[in-house]
Amino acid sequence: MAGSKWYVKGKSFGNCNCDYGCPCQFNALPTNGDCQAAECFVIEEGRFDNVKLDGVPAVGLYKWPGPVHEGNGTMQIVIDESASAEQRAAIEKIMTGQDTKEMGTMWWVYSAMCPNKLPTLYRAIEFDVDVDGRRGRFKVPGVVETHGEPIRNPVTGNEHRVRIDLPNGFEYRVAEIGSGTTKATGDIKLDHAKSYGQFARMHINQDGVVN
């Protein structure tokens, strides 16, 4: 890794095409054989060397023909158009695993497993998330729209709460799990409904998740 120092704190919401629980979280193979995902996060507090990253949201779109670890994936980053040139460069480096310890973050892994990287987009991003409430949405007009809500008991209709605790994870320590629906119509096409939704608070730096 290079010598740059960085950290980001914020909230994230993502949706993949797997069943609730997401086999990746348990070192198992994906539900449908392939992996497709969309994730948005907002940096509430962050810095890349001397560049402040506070308030900037970003989206990652990913698609693999098989399990993530088999590679040959395609990815595209979307950074909010309000970001400065310096912020754009910093976030792109973070999300492509640069200036990061090997295997330190999910972004490092995703980038390493995606040899097909589409041009980064700079668009307006709408993002709102309630981690504890397991509700969220993000939208990039003409590119992707994702909604998340709590899992419902199929008999009573009551909200069901479940969390995943990963003490040694490279993305989060604890995530709330819900139900997500994504429609992506840009260069990466995604279309899944009522599948794995993940809501988390993040605190990550160049070495990985910060305890």
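As a reminder, the structure under discussion sits directly above these lines.
Residues numbered from 1 in each chain as written. Predicted model: local features only at pLDDT ≥ 70, side-chain atom pairs only at ≥ 80, totals over all residues. Heavy atoms only, no water.

Undergrad: Report on the packing of aromatic side chains, specifying residues and quantitative values.
TA: The final tally for this structure, using the stated rule, is seven aromatic pairs. Residues F13 and F199 carry aromatic rings whose centres are separated by 4.7 Å and whose planes lie at 10° to one another, so their mutual orientation is stacked. Here F199 lies in strand β15 (residues 189-205) and F13 lies in strand β1 (residues 6-16), a separation of 186 residues in the sequence. Since its relative accessible area comes to 0%, F199 is described here as buried. Directly above the ring of Y122 sits R88, whose terminal nitrogen or CZ lies 4.3 Å from the centroid. (Phe/Tyr/Trp six-rings, centres within 6.5 Å; stacked < 30°, edge-to-face > 60°. Helix = DSSP H or I, 4+ residues; strand = E, 2+ residues; numbered from the N terminus. Buried < 20%, exposed > 50% of the residue type's maximum accessible area, 1.4 Å probe, protein only. Lys NZ or Arg CZ within 6 Å of the ring centre and 35° of its normal.)

Undergrad: Give a description of the nonpolar core that names residues and reports values.
TA: V8, L53, Y62, I91, M95, W107 and I204 are the most contacted members of the largest nonpolar core, which has 28 residues in total. Broken down by secondary-structure element, the contributors of at least two residues to this core are β1, β2 (35-48), β4 (56-64), β5 (74-80), α1 (85-95), α2 (106-112) and β15. Beyond its immediate sequence surroundings of up to four residues, V8 is in contact with I43, E45, G46, L53, I94, W107, M202, H203 and I204. Ranked by size, the runner-up nonpolar core spans 20 residues in total, among them V42, V59, I125 and A184. (Core = buried A, V, L, I, M, F, W, Y, C linked by side-chain atoms within 4.5 Å. Contact = heavy atoms within 4.5 Å.)

Undergrad: Could you give an account of the side chain of N205, with specific residues and numbers?
TA: Here N205 shows up in strand β15. Owing to a relative accessible area of 19%, N205 belongs among the buried residues under this scheme. A distance of 2.8 Å separates a polar atom in the side chain of N205 from the backbone nitrogen of D207. Every residue in contact with N205, bar those within four places of it in the chain, is listed here: W6, Y7, T105 and V210. (Polar contact = N/O pair within 3.5 Å; in protein donor to acceptor, adjacent residues only side chain to side chain.)

Undergrad: So what about the side chain of S4? Which residues, and what values?
TA: Along the chain, S4 falls in the segment before β1. Under the relative-accessibility criterion, S4 is labelled buried at 14%. At 3.0 Å, the side chain of S4 forms a polar contact with the side chain of D49. If we ignore the near neighbours within four places in the chain, the residues touching S4 are F48, D49, D99 and Q206.

Undergrad: Please give an account of unusual backbone geometry that cites residues and values.
TA: You will see that N27, though not glycine, has its phi angle at about 55°, which is positive. The topology assignment puts N27 in the loop between β1 and β2. Although it is not a glycine, N72 adopts a positive phi angle of roughly 65°. Considering the arrangement of structural elements, one finds N72 in the loop between β4 and β5.

Undergrad: Outline the environment of N116, supporting the account with residue identities and numerical values.
TA: Note that N116 resides in strand β6 (residues 116-117). The exposure class of N116 is partly exposed, given its relative accessible area of 34%. Along the chain, N116 and R135 lie 19 residues apart, while their C-alpha atoms are 31 Å from each other. Beyond its immediate sequence surroundings of up to four residues, N116 is in contact with N72, G73, T74 and M75. Reaching out from N116, the side chain makes a polar contact with the backbone oxygen of G73 at a distance of 3.1 Å.

Undergrad: Break down the environment of G66 for me, with residues and values.
TA: Within the secondary structure, G66 is located in the loop between β4 and β5. The class for G66 is buried, based on a relative accessible area of 8%. C-alpha separation for the pair G66 and I125, spaced 59 residues apart in sequence, amounts to 29 Å. Ignoring sequence-local partners within four residues, the contact set of G66 consists of G33, D34 and C35.

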